[in-house]
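This is what each chain is made of:
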Amino acid sequence: MKHEWPLWEVFIRGQHGLSHRHVGSLHAPDAEMAIKNARDVYTRRNEGVSIWVVQANHLTASSPGDKGPMFEPSQSKVYRHPTFYDIPDDAGAM
Amino acid sequence: MGGEAALLRFLLHLGDNTLVLGHRVSEWCGHAPVLEEDIALANTALDLIGQTLMWLGLAGEVEGAGRSADDLAFLRDVWEFRNLLLVEMPNGDFGRTLMRQFLFDAWQSVLLGHLLKSSEPRVAEIAEKAGKEVAYHLERSADTVVGLGDGTEESHARMQAALEYLWPYVGEMFTGDGADAALAAAGIARRPTACAPIMTPWSAVFWTRRR
């Protein structure tokens with residue numbers, strides 16, 4: 001029998017941020033306790049207004065070995081950055 | 001007992017409860033069974049000491065003898081403390097500490113609910129601030145008590161033993177002292193006469209298991 005609590009990854013929305021960001025991980029017996037533990041471990045200095053937790057084994061990660069085929073092709077595609085357009089003054093702030 | 005004396009005695013009662021329990025809980029710092037619980041218990045202890053600062057600070061103001069919260073916390077002798085016996089009880093195992101915390105949190109959350117409506121604005125203000133902390137303490141301690149009670153055979157037996165050990169100290173929470181009548185008449189404070197989270201489900205569970 002396994003006695004170790006499962007690992008949870010913790011995501012926090014900061015006071016002024018727009019999206020949740022990964023802040024770390026912790027152990028907890030279930031999702032509710034993972035939220036409470038995250039509150040006590042990661043928001044004691046007023047770091048957040050919202051918490052997400054997900055059990056670590058439910059995450060699927062890209063493999064570091066695939067870094068070349070995964071990410072290098074996009075390095076040479078500057079035209080994908082929308083920096084070549086002249087924005088008419090009438091369009092205002094974009 | 002006059003109004004000011006009754007209020008002072010009541011504030012000492014509140015501040016001494018949180019002072020003694022805060023120190024008891026802080027004994028776990030660095031010793032809890034897992035890191036997450038260690039931090040959570042330390043947070044609870046710090047909240048309780050913070051509440052102590054507010055209650056004893058106000059007690060010093062009401063007394064009007066120039067004593068600060070620190071003076072009241074550290075320069076009184078044992079017989080001058082007005083805390084519930086429950087909060088003094090040794091930590092025992094982790095389960096007993098959490099059971100003691102649950103019994104206190106459940107009572108304190110009801111008490112602070114009454115104090116929000118206090119005719120004394122300084123009391124209502126502290127109750128408002130402490131109430132949010134205590135609502136979280138109660139959620140956490142109640143979940144942990146239920147979790148351990150429903151856990152393994154060993155954790156269940158330990159929680160049952162903890163409840164039986166601490167139950168005799170619960171009655172004192174609902175027993176008034178000389179100050180209560182004066183405070184109730186002035187609309188300043190009302191002691192819980194029953195505490196639903198403790199009295200309803202828990203006494204039912206406790207007494208059926210005992211029989």
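One structure accompanies this document, and this report is about it.

Reading guide: rules and limits
- Residues numbered from 1 in each chain as written.
- Chains lettered and ligands numbered in written order.
- Predicted model: local features only at pLDDT ≥ 70, side-chain atom pairs only at ≥ 80, totals over all residues.
- Helix = DSSP H or I, 4+ residues; strand = E, 2+ residues; numbered from the N terminus.
- Rg over C-alpha atoms; globule rule 2.2 N^0.38 Å.
- Contact = placed C-beta atoms within 7 Å.
- Nonpolar A, V, L, I, M, F, W, Y, C, P; charged D, E, K, R; others polar.
- Core = buried A, V, L, I, M, F, W, Y, C linked by C-beta atoms within 7 Å.
- Buried ≥ 20, exposed ≤ 12 C-beta atoms within 10 Å, placed from the backbone.
- Expected span 1.5 Å × (residues − 1).
- Pairing = 2+ DSSP bridges.
- Axes fitted to C-alpha atoms, helices over the stretch in contact; angles between N-to-C directions.

**As for the overall build of chain B**
Item 1. Counting secondary structure elements, chain B contains 8 helices and 0 strands.
Item 2. Each helix and strand of chain B, ordered N terminal to C terminal, gives the series α-α-α-α-α-α-α-α.
Item 3. Taking 17 Å as the expected radius of gyration for a compact globule of 211 residues, we find that chain B reaches 17 Å, a close match to that expectation.
Item 4. Along the longest, intermediate and shortest principal axes, the C-alpha atoms of chain B span 55 × 35 × 30 Å.
Item 5. Once local pairs closer than 6 in sequence are excluded, the contacts in chain B between residues at least 24 apart make up 72%.

**Quick notes on the interface of chain B and chain A**
Item 1. Every contact between the two is made by 8 residues of chain B and, on the other side, 11 residues of chain A.
Item 2. Contributions of two or more residues to the side of chain B that touches chain A are made by helix 2 (35–63) and helix 5 (121–149) of chain B.
Item 3. Here the side of chain B that touches chain A takes 4 residues from helix 2 of chain B, the largest share from any one element.
Item 4. Class assignment of the residues belonging to the side of chain B that touches chain A gives a composition of 3 nonpolar, 2 polar and 3 charged.

**Quick notes on the nonpolar core**
Item 1. In terms of nonpolar packing, the biggest core is built from 54 residues, with L7, F10, L11, W55, A59, M99 and L103 of chain B touching the most fellow members.
Item 2. For this core, the secondary-structure elements that each account for two or more residues are helix 1 (3–26), helix 2, helix 4 (94–115), helix 5, helix 6 (153–166) and helix 7 (178–185) of chain B.
Item 3. The greatest single-element share of this core, amounting to 12 residues, is contributed by helix 4 of chain B.
Item 4. Membership of the second largest hydrophobic core comes to 10 residues, among which are W8, I12, M33 and A38 of chain A.

**Considerations on helix 1 (residues 31–42) of chain A**
Item 1. For helix 1 of chain A, with 12 residues, the first-to-last C-alpha span of 16 Å sits near the 16 Å given by 1.5 Å per residue.
Item 2. Residues M33, A34, K36, N37, A38 and D40 of chain A constitute the buried set of helix 1 of chain A.
Item 3. The inward-facing, buried residues of helix 1 of chain A contact strand 1 (7–13), strand 2 (21–27) and strand 3 (50–55) of chain A together with helix 2 and helix 5 of chain B.

**A look at the sheet that holds strand 1 of chain A**
All names here are of chain A.
Item 1. Strands sit in the order 2-1-3 across an open sheet of 3 strands; the sheet is antiparallel. One side of each edge strand has no neighbouring strand; the edge strands of this open sheet are strand 2 and strand 3. The average undirected angle you get between the axes of adjacent strands in this sheet is 30°.
Item 2. Both strand 1 and strand 3 contribute to a ladder of 6 bridges, which runs antiparallel. The partner of F11 across the bridge, within strand 3, is W52.
Item 3. Across the sheet, helix 1 is in contact with strand 1, strand 2 and strand 3; its angle to strand 3 comes to roughly 130°.

In short, shape yes, function no, at least from these values alone.
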